[in-house]
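# Chain and residue survey
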Amino acid sequence: MRFHLKITLCMLALLSLLFGAGSSLLISASFRDALEREKTAAFGDYRMAWGTLQIVNSLNPYLDRKAISQTMEQLYKQNGAAWTDLRLSTGEEIIYEAGAVQSSFLQAAGDMEVPGPGGCLFRVADGPEGSRFLVFSGAVETNGDVLYLTTSHDISALYTTRQVQQRTHLQVFLVMCLLCAGLSYTVSRVLTAPLEGLSRASRAIASGNFSSRVRIRSQDEIGAVSQDFNAMAERLEGQISELCQSVERQERFVASFAHELKTPMTSIIGYAELIRSGTLTAEERTEAAGYLYSEGKRLESLSRKLLDMLVIREGNLPLTAVSPKSLIEDLSERLRPFYADQGIAVVCDCQEGLCLLEPDLTWSLLLNLADNARKAMAENGGELCFRLEMLEDGCLIQVLDEGRGIPAHALGHLADAFYRVDKARSREQGGFGLGLSLCREIAFLHHGDIWFENRPQGGACASVQLRGGRP
């Protein structure tokens, strides 16, 4: 059963219990109060008739039955509105009887057990045509005889009023149930609409639409669940996107790796075949051996870089307190003579401080960034600047060059394995496109990141955050 139907049925059950039971109790209480008032009034009228007989008997205890009958008749004429029926009998003989129903009803009512003289009993008796009467019966002793006095009061109006109230209550109850069903169904649909939205979004995500989100309509508990669901879906979409990108990078890596192996392997096989044929001169064999050596060294360099990347990804290297300023200045001193031959000036702008680093890997990172900047400045020279800024949880290292800059389409791919902006130039300079990928892995090992941007005055800036902490 749907949840909104359960809410509707619960509301109907609650209404039936509260309204039905409450109204029924109210009608019953009202009826009992009215019956009690009628009983009190009827008992007073009965006591009036009984008292009259007592007074008459006390004044003249030797009155005959005819005189008593005349007294009762006079009393009935004077107070006829007080009783519906009035009867006085000896039990076997009726002395006086008056009223609308008379003997047929009073005889049946009078058959009830009565107490001795001075006592009184009452009951609610059924009359003709569904009428109801309140009957009082008692005994009076006069002239040595016990006379039985019976009075009745029509209380059919009370029962009629109760029936009308019950009928009205039933009609109102049915209308209330219909209104409650409609309102409960509408409200429950509004309240459960976000849950249906959650269900639809869940099915959409399960079918592969990871961008599906829930519309947040309120700030209550359901709204909080919707916010949490959207946050979960956002995180899941991001992870799926990262996974897809990782798979794509791996596929590009494998394709690029195969391509990188193809060229040197083709050269090695070709020159090996020429040497094996024995048709080359001594000079040609020396030249072929040189090609074999250079291509072998190229493969060795490629395998070494791949091994370094694998070790970094799978290892959990300990970090030690190191001064990044000292590393940068030492590297700058070593690079200046070699870079000066190419017209490149190396400068440093570093802050003092210690960071938790892996020094050898950080040295490799700085060297790769410097080498990448050198290649960009190889044609015109310029200034290569190392800039260091200390952070609360590490440091920010920037390598700024005055080279040719980076094409906009390549800014987001520079750290991808085997990616090269200018493949022909990179091959001439001996690059594989693995240096910056190695830098990114080193930055990740230090809980940081690496990014690239072009400088407004020309050239590029490589920024690396190393957030391994500070001692």
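For the structure, check the block above.
Predicted model, so just to flag it, every value in this text is computed and none were measured.

## Here's the deal with the packing of helix α1 (residues 3-59) against helix α2 (residues 65-78)
It is at 11 Å that the axes of α1 and α2 come closest, and there the two elements cross at 140°. With respect to α2, the axis of α1 lies oblique. When you trace α1 past α2, the crossing you get is right-handed. Across the interface between the two elements, A49, T52, L53 and V56 of α1 pack against I68, T71, M72 and L75 of α2. Looking at the contact of α1 with α2, its residues break down into six nonpolar, two polar and no charged.

## So, the pattern of salt bridges
Applying the stated rule across the entire model yields nine salt bridges. Between R213 and E234 there is a salt bridge, and its shortest N-O distance comes to 3.3 Å. With R213 in the loop between α4 (156-206) and α5 (221-277) and E234 in helix α5, the pair connects residues that are 21 residues apart, well separated along the chain. Given the relative accessible area of 28%, R213 is considered partly exposed. Connected through shared salt-bridge partners, R213, E234 and E237 make up one network.

## With respect to the side chain of Q465
Relative to the assigned elements, Q465 resides in strand β12 (residues 460-466). Separated by 3.1 Å, the side chains of Q465 and R467 make a polar contact. Every residue in contact with Q465, bar those within four places of it in the chain, is listed here: L391, C395, L396, A443, G448, D449 and W451.

## Observations concerning a nonpolar patch on the surface
On the surface, a nonpolar cluster with roughly 410 Å² of combined accessible area is contributed by M1, L5, L9 and Y185. One can find Y185 in helix α4.

## What to know about helix α8 (residues 359-376)
Given 3.6 residues to a turn, an α-helix orients residues that are three or four positions apart in the same direction. Its 18 residues place the ends of α8 26 Å apart at the C-alpha level, agreeing with the 26 Å of an ideal helix rising 1.5 Å per residue. For α8, the complete set of buried residues consists of L361, T362, L365, L366, N368, L369, A370, A373, R374, K375 and A376.

## Describing the side chain of Q398
Within the secondary structure, Q398 sits in strand β10 (residues 394-400). Of the residues examined, Q398 reaches a relative accessible area of 16% and is grouped as buried. Here S463 takes part through its side chain, which lies 3.2 Å from a polar atom of the side chain of Q398.

## Things to note about the nonpolar core
Counting 38 residues, the largest nonpolar core has L366, L369, L384 and F386 as its most contacted members. In contact with L384, not counting residues within four places along its chain, are Y339, I344, A345, V346, V347, A370, A373, R374, M377, V399 and L400. In this structure, M72, L88, L134 and L149 belong to the second largest nonpolar core, which totals 26 residues.

## Notes on the packing of helix α7 (residues 324-340) against α8
Across the interface, α7 lies against α8 with an axial gap of 11 Å and an inter-helix angle of 35°. Seen from above, α7 lies across α8 with right-handed handedness. Taking contact as the criterion, the partners of L327, I328, D330, L331, R334, L335, F338 and Y339 in α7 are, on α8, P359, T362, W363, L366, L367, A370, D371 and R374. Of the residues that constitute the contact of α7 with α8, the class distribution is 11 nonpolar, one polar and four charged.

## Some thoughts on the sheet that holds β12
With mixed pairing, the five strands of this open sheet are ordered in space as β7-β9-β10-β12-β11. The open sheet has two edge strands, β7 (344-350) and β11 (449-454), and neither has a second partner. Ignoring which end each strand starts from, the neighbouring axes of this sheet average 15° apart. Pairing analysis gives seven bridges linking strand β9 (residues 382-391) to β10, with the strands arranged antiparallel. Within the sheet, the bridge partner assigned to L391 lies in β10 and is G394. Relative to β7, α7 is tilted by about 170°, and along the sheet it contacts β7, β9 and β10. Across the sheet, α8 lies against β7, β9, β10, β11 and β12, angled at about 145° from β9, the strand it touches most.

## Points about the packing of aromatic side chains
The final tally for this structure, using the stated rule, is six aromatic pairs. Judged by centre distance (5.7 Å) and plane angle (45°), the rings of F43 and F136 are tilted. Of the two residues, F43 sits in helix α1 while F136 sits in strand β4 (residues 132-142), which places them 93 residues apart along the sequence. F136 sits in the buried class, given a relative accessible area of 1%.

## Notes on the sheet that holds β4
Taken together, five strands build an open sheet; the order of strands is β2-β1-β5-β4-β3 and the sheet is antiparallel. Of all the strands in the sheet, the pair left with one neighbour each is β2 (94-99) and β3 (120-126). Neighbour-to-neighbour, the strand axes of the sheet open up by a mean angle of 15°, direction not taken into account. Taken together, the five bridges between strand β1 (residues 85-89) and strand β5 (residues 145-154) define a ladder with antiparallel strand orientation. When the sheet's bridge partners are listed, R87 is paired in β5 with T150. The strands touched by α1 within the sheet are β1, β3, β4 and β5, with β4 carrying the most contacts at an inclination of about 20°. Relative to the sheet, α2 contacts β1, β2, β4 and β5, its axis offset from that of β2 by approximately 15°.

Rules used in this analysis
Residues numbered from 1 in each chain as written. Predicted model: local features only at pLDDT ≥ 70, side-chain atom pairs only at ≥ 80, totals over all residues. Heavy atoms only, no water. Axes fitted to C-alpha atoms, helices over the stretch in contact; angles between N-to-C directions. Helix = DSSP H or I, 4+ residues; strand = E, 2+ residues; numbered from the N terminus. Parallel < 35°, antiparallel > 145°, perpendicular 65-115°, else oblique. Left-handed = near helix turned anticlockwise from the far one by under 90°. Contact = heavy atoms within 4.5 Å. Nonpolar A, V, L, I, M, F, W, Y, C, P; charged D, E, K, R; others polar. Salt bridge = Lys/Arg side-chain N within 4 Å of Asp/Glu carboxyl O. Buried < 20%, exposed > 50% of the residue type's maximum accessible area, 1.4 Å probe, protein only. Polar contact = N/O pair within 3.5 Å; in protein donor to acceptor, adjacent residues only side chain to side chain. Patch = residues over 30% accessible without salt bridge, like charges linked within 9 Å, V, L, I, M, F, W, Y side chains within 5 Å. Areas by Shrake-Rupley, 256 points an atom, 1.4 Å probe, with all protein chains shown as cover. Expected span 1.5 Å × (residues − 1). Core = buried A, V, L, I, M, F, W, Y, C linked by side-chain atoms within 4.5 Å. Pairing = 2+ DSSP bridges. Phe/Tyr/Trp six-rings, centres within 6.5 Å; stacked < 30°, edge-to-face > 60°.

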